[in-house]
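# Observations on the model geometry
These are the residues of each chain, in order.
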Amino acid sequence: MTKNEVRLRYSFRCITEKETEEAIAIEQICFPPNEACSAKSMRTRILAVPELFLVAIDEKLGKIAGFLNGIATNETVFRDEFFSDISLYDPEGQTLMILGLDVIPEYRGQGLATAIMSEYLERAAKMEKKLVLLTCLEDKVNMYKKMGFQDKGMSGSTWGGEQWHEMSYEL
Ligand SMILES: CC(C)(COP(=O)(O)OP(=O)(O)OC[C@H]1O[C@@H](n2cnc3c(N)ncnc32)[C@H](O)[C@@H]1OP(=O)(O)O)[C@@H](O)C(=O)NCCC(=O)NCCS
């Protein structure tokens, strides 16, 4: 899909509290239980940091097709506590730690994740953030490189009992 086609089919905005259960269900579809954000952490995250929780809405159905969420901090190295400890959120922080990128299976393979990331990075730049960090498994390294991220090598993260790369994007 071209950028224009994406704009016609989807709208991008911050999540609303009433979409919490929809987001929890999508997280469970998209990730195995050892990697998924718990329902409790998702509820807390949506309540505390809706401004950094971007959803792509399928305009025809009025439903979430995918989302990207994160929190702000002044730390510059990813650590797993960001997934579960919302008290680490510093609204003034200049680094965004990405905590989840989800696209529902039927919307995959058409550039939606790329479009969500691009919109997220544009918004982050407008918020005057300086750095965006995320962790991913080996098989997603090239996907994030295509989105403009650099591979910083293995991260200290052991989330879900897996080994993760740290990827970074300087704004
Ligand atoms: C990974 C995911 C977000 C991709 O969503 P998508 O909308 O299909 O992605 P895009 O269409 O924007 O793909 C962009 C590029 O990423 C790569 N890519 C897409 N899905 C991929 C996957 N599952 N594994 C590895 N690379 C992938 C492709 O190279 C693709 O480029 P191409 O179309 O030129 O081949 C989606 O499959 C998903 O939600 N998966 C489950 C959750 C997950 O793994 N999230 C990421 C955690 S790090």
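Structure shown above.
These numbers were taken from a predicted model, which means no experiment stands behind them.

### Details of the packing of aromatic side chains
For the structure shown, the criterion picks out seven aromatic pairs. Between phenylalanine 53 and phenylalanine 67, the aromatic rings sit 5.0 Å apart at their centres with planes inclined by 40°, giving tilted as the arrangement. Note that phenylalanine 53 is positioned in strand β2 (residues 53-58) and phenylalanine 67 in strand β3 (residues 63-73), a separation of 14 residues in sequence. Taking the relative accessible area as the measure of exposure, phenylalanine 53 reaches 0% and is therefore buried. Exposure remark for phenylalanine 67: the relative accessible area of 0% places this residue in the buried category. Counting every residue linked through ring pairs, the aromatic cluster contains Phe78, Phe82, Phe83 and Trp159.

### Quick word on the layout of surface pockets
Over the atoms, a rolling probe the size of a water molecule traces out where space has been left empty. In this structure, the largest pocket encloses a volume near 700 Å³. Around the largest pocket sit 30 residues that line it, and Phe31, Leu101, Lys140, Met143 and Tyr144 are the ones nearest its centre. For the lining of the largest pocket, the leading source of residues is strand β4 (residues 95-103), giving six residues. Along the lines of polarity and charge, the residues of the lining of the largest pocket split into 18 nonpolar, six polar and six charged.

### Describing the site of the ligand
In the vicinity of the ligand, 18 residues are found, and the nearest of them are Leu101, Val103, Gly109, Gly111 and Thr114. One of the backbone N or O atoms of leucine 101 is found 2.9 Å from a nitrogen atom in the ligand. Measuring from an oxygen atom of the ligand, one finds a side-chain N or O atom of lysine 146 at 2.9 Å. For the ligand, the protein covers 69% of the area, taking 870 Å² as the surface of the free molecule.

### Overview of the sheet that holds β2
In a beta sheet, neighbouring strands are held together by backbone hydrogen bonds and run either parallel or antiparallel to one another. Pairing is mixed in the open sheet, where seven strands are placed in the order β1-β2-β3-β4-β5-β7-β6. Looking at which strands have only one partner, the edges of the open sheet turn out to be β1 (10-14) and β6 (150-154). Adjacent strand axes in the sheet meet at a mean angle of 25° when their direction is disregarded. Pairing geometry for β2 and β3, over six bridges, is antiparallel. Its bridge partner lying in β3, alanine 56 is registered against glycine 66.

What counts and what doesn't
Residues numbered from 1 in each chain as written. Predicted model: local features only at pLDDT ≥ 70, side-chain atom pairs only at ≥ 80, totals over all residues. Heavy atoms only, no water. Phe/Tyr/Trp six-rings, centres within 6.5 Å; stacked < 30°, edge-to-face > 60°. Helix = DSSP H or I, 4+ residues; strand = E, 2+ residues; numbered from the N terminus. Buried < 20%, exposed > 50% of the residue type's maximum accessible area, 1.4 Å probe, protein only. 1 Å grid on protein atoms, 1.4 Å probe; cavity = no way out; pocket = protein on both sides within 12 Å on 5 of 7 lines; lining within 4 Å. Points joined across faces, edges and corners; volume = space filled by probe spheres on them. Nonpolar A, V, L, I, M, F, W, Y, C, P; charged D, E, K, R; others polar. Near = heavy atom within 4 Å. Polar contact = N/O pair within 3.5 Å; in protein donor to acceptor, adjacent residues only side chain to side chain. Areas by Shrake-Rupley, 256 points an atom, 1.4 Å probe, with all protein chains shown as cover. Pairing = 2+ DSSP bridges. Axes fitted to C-alpha atoms, helices over the stretch in contact; angles between N-to-C directions.

Everything listed is a geometric property; what it means functionally is a separate question.
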